[in-house]
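# Inside the fold
Listed here are the chains, written in short residue letters.
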Amino acid sequence: QVQLVESGGGLVQPGGSLRLSCVASGSTGSINRMGWYRQVPGKQRELVAVITTNGVITYADSVKGRFTISRDNAKNTMYLQMNSLKPEDTAVYYCNAYQLILTPLSDRNYWGQGTQVTVSS
């Protein structure tokens, strides 16, 4: 089992910055990738950024150049540095971890509780 705890959300003005953190605990040894997703009312949850344990990173086009995903494997912690925030970035941001275990074969997705990010003047 993996537990994910997020923090760092809040209310900021357009152009401001926030840094989200996600700490993974439990059976974290088989986590293959982690990522940030966000969801607004009436919309599906969408990918913001993902990072593999090997450091391969993918960003949504809407956040490229503004957001930076990183992780500290030793601390089982993932970060999302969000700069130049826009009102359209307002959403609940969720931490995700994908776990693949080969013996026995199993794969699971874990989600944090979500943290609210509101960008408004």
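Before reading on, note that the structure itself is shown above.
Below is a short write-up of the structure.

Calculation notes
Residues numbered from 1 in each chain as written. Predicted model: local features only at pLDDT ≥ 70, side-chain atom pairs only at ≥ 80, totals over all residues. Heavy atoms only, no water. Salt bridge = Lys/Arg side-chain N within 4 Å of Asp/Glu carboxyl O. Helix = DSSP H or I, 4+ residues; strand = E, 2+ residues; numbered from the N terminus. Buried < 20%, exposed > 50% of the residue type's maximum accessible area, 1.4 Å probe, protein only. Disulfide = S-S within 2.5 Å.

This part is about the pattern of salt bridges. Under the defined criterion, the tally for this structure stands at 4 salt bridges. Across the salt bridge formed by Asp89 and Arg38, the nearest N and O atoms sit 3.0 Å from each other. One end of the pair, Asp89, is in the loop between strand S8 (77-82) and strand S9 (91-101); the other, Arg38, is in strand S4 (residues 31-39), with 51 residues separating them in the sequence. With respect to class, Asp89 is no different from Arg38; both count as buried. Between Asp61 and Lys64 there is a salt bridge, with its nearest N and O atoms 3.0 Å apart. Residues participating in the shared-partner salt-bridge network are Arg38, Glu46, Arg66 and Asp89.

In this structure the tally under the stated criterion is 1 disulfide. The disulfide bridge from Cys22 ends at Cys95, spanning 2.0 Å between sulfur atoms. In this structure, the disulfide formed by Cys22 and Cys95 twists by about -75° around the S-S bond and is classed as left-handed. A residue pair is termed long-range when its members are at least 10 positions apart, and Cys22 in strand S3 (residues 18-26) and Cys95 in strand S9 qualify at 73 residues. Grouping residues by exposure puts Cys22 and Cys95 together as buried.

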